[in-house]
Amino acid sequence: MPSYRALKVDLSAKFKDSVKKDNFPEFLKTSKAILSSWKENDFKNIIELTIREVLLDLVKNGADITLLERVFQFSIDAALQDAAAGNVPVFVIGDMFESSTISECEKYFSFVESRVEIFKKDIFFKVCKNHLLRSCNDLLKRLSRSQNTVFCGRILMFLAHIFPLSERSGLNIISEFNLENTTAYSTNDDMFNDLASEKGDVTEGEISSQNQSSFVVDKNLYQKFWSLQDYFRSPNTCYNKMQWRQFTSCTSDVLTVFGSFKSDDANSSKWKQAKLPSPNGSCVYFAKYLTSPKLLELELSDSHFRRYVLVQFLILFQYLSLPVKFKLESYVLTEEQQNWVKETSKSIYKLLEETPPNGETFAHDVQKILQREEYWNAWKNEGCPDFKPLSDRAEVEKKLKKRPIEDIHTYPNKKLCPEVTKIWNTKPNNWEACRSAKRNFVPPLESYFGITSKAEGGQVIQKKDTTDSKYTWKALRLLCMKSPYIFTANTAPAKSVSEYLETIVQKVAKEKPQTHQDNMTVETAVAEDEAMEDANEDFFPASEEDSKDEVKKENVLTKALIQTISGKLQDNWKTLAVKLGFQDDEIEYYETFPDAKAQTEQMLTVWMERDGTLSTFTKILQSAGLLSGVLSLITS
């Protein structure tokens, strides 16, 4: 049996041959035949080791990029055919990045970019996502954001494509800012003193300005303009009162300059007319602002530069205005500051619309993008919940889909229950049917309580079972709707439900006109009463048995008697009020009536509603020494 070293050398030679021929199935078949006696885990480990050693050997010898891509593809095929672990492709591409220069890594990165969908499969994503994220972050640390801006963007876009939107490692959960992203600008006075004299000179490598403008860049404007970048990188400083004043002052001055300074069309921009030196002849791109005072005039006239700054303002204003979960409670704009932000935002959108090319379209697109950013902010405030698949959402909307309006008119014609169709066609206008007088099922008080008039005068009250919880609940509901006595103030000791109902029924019977004849019999009232909804059977507990078989008739203090005796008692009504049990605040209320007689009538009326018995009233008058003056009126 050959040694392990001899097997590894043999497999490496066969794998190189397969890479040159682009025939991985042949290598896999040969390796299985050679390692047929090996265990599965050992077989996968030696295949992984062979692939990675051949890759490093090819990179060391400067092999063609096509061969390197084949090795990477073979590692993917090996994982798909269960000949190697699922994380082998990430180890292979990581070895490429670690053993190559930045320019070579930029070429190799296209290997993973073109295979995003493959890495999204479960066999790779579950075991590769952490290794892939680590490899990309290690590569980003090697790159310069100003020199390798495009390559950095490609890496970030790849990570955004392969990871789900709810992946917390790619979210700025706690709203941190890159405070290290400082913008350095000049504070040397000599440079501004020489700027005016150098403005017309044209030297080699400088941008020529044939059409000189009358605009002069001074130190004050220059420093105000570039100091705004400190607020853009750290928005929370705007919540400081002193910083806010400085920010609003600089913003107003800069926007005034933008409004008065004409911008160039992108197609005729001075930047395009100028011949900028470039190492490889390609377009020059600056990831950081060029802050030389000599360039500020050209930057202000450039449409792209103007858009960069104006959009920065809008992003800052949106952050200051929106509620963010991880903001401090003190980070809130006042009403005056909010109004200033709204007015300034309108001015910025107007400047964007005036900036060529396609200013109105660009301003509209920026507004839509910032609107979507509000949705993202709300999503992060809610704790970044997982997104539901679109198919589930479509099914829910399908279930909640409303019936078309035109189906309502054809509803009675559908094959339904005949009774339902009959009810539907009873009356065309449903609202009128609901307002019909026939739908009023509430009986009158007299019918429900069985109050009838005698031919010779007086009333007869039919005895009801006041211990029945159903009857008492319905009676109290009916009194709430049609009787004022249930809402009057009462200082008497609390009574049982049966006693209370008897008192109210007696008061209702007293006010019933003697000549009034009921149109509805007691039997009809009882039948309608049974049709009322029995919604609260156990609302009241059963009251104790009433031992009285009949309601005792008592002489009561009537309204007519009150009007008769008020004139006799008006001079001493306050003394009588104290004897009747009224408090000082109640007496003050009665004093608001126009005269003494009206005050006496109101006091006696309230007392009548509380007690109302004539015998009690007579005893109180006798104790107050006022009975002799009204005795003849009471006895008559």
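Whatever comes next refers back to the structure up there.
Quick caveat: nothing in here was measured; it's all calculated off a predicted structure.

Draft legend 1. Layout of the nonpolar core. Counting residues in each nonpolar core, the largest one holds 53 residues, and the members touching the most others are Phe15, Leu68, Phe72, Met96, Phe109, Ile155 and Phe158. Ranked by the residues each element gives to this core, the list is headed by helix 3 (residues 40–60), at 8 residues. Among all residues touching phenylalanine 72, those that are not within four sequence positions of it are Pro89, Val92, Ile93, Met96, Phe111, Val112, Arg115 and Phe119. Listed in part, the 41 residues of the second largest apolar core include Trp226, Leu300, Leu333 and Val341.

Draft legend 2. Inspection of unusual backbone geometry at higher detail. Proline 356 connects to proline 357 through a cis peptide bond whose omega is -5°. On the secondary structure map, proline 357 appears in the loop between helix 17 (335–354) and helix 18 (359–381). The residue aspartate 22 is not glycine, and still its phi comes out positive at about 55°. You can see aspartate 22 is positioned in the loop between helix 1 (4–21) and helix 2 (24–34). Of note in this structure, aspartate 82 is not a glycine but carries a positive phi near 60°. Tracing the chain through its elements places aspartate 82 in the loop between helix 4 (65–80) and helix 5 (88–98).

Draft legend 3. Highlighting the environment of glutamate 588. Looking at where glutamate 588 falls in the secondary structure, it is placed in helix 29 (residues 584–590). Along the sequence, glutamate 588 and lysine 574 sit 14 residues apart, while their C-alpha atoms lie 9.9 Å from each other.

Draft legend 4. Region of the structure containing the pattern of salt bridges. For the structure shown, the criterion picks out 13 salt bridges. Where aspartate 57 meets lysine 16, a salt bridge forms, and the shortest distance between an N and an O atom there is 2.7 Å. Of this pair, aspartate 57 sits in helix 3 while lysine 16 sits in helix 1, and the two are 41 residues apart along the sequence. Members of the salt-bridge network, linked through shared partners, are Glu40, Lys44 and Asp82.

The rules behind each value
Residues numbered from 1 in each chain as written. Predicted model: local features only at pLDDT ≥ 70, side-chain atom pairs only at ≥ 80, totals over all residues. Heavy atoms only, no water. Core = buried A, V, L, I, M, F, W, Y, C linked by side-chain atoms within 4.5 Å. Buried < 20%, exposed > 50% of the residue type's maximum accessible area, 1.4 Å probe, protein only. Helix = DSSP H or I, 4+ residues; strand = E, 2+ residues; numbered from the N terminus. Contact = heavy atoms within 4.5 Å. Salt bridge = Lys/Arg side-chain N within 4 Å of Asp/Glu carboxyl O.

The analysis is restricted to geometry; functional conclusions fall outside its scope.
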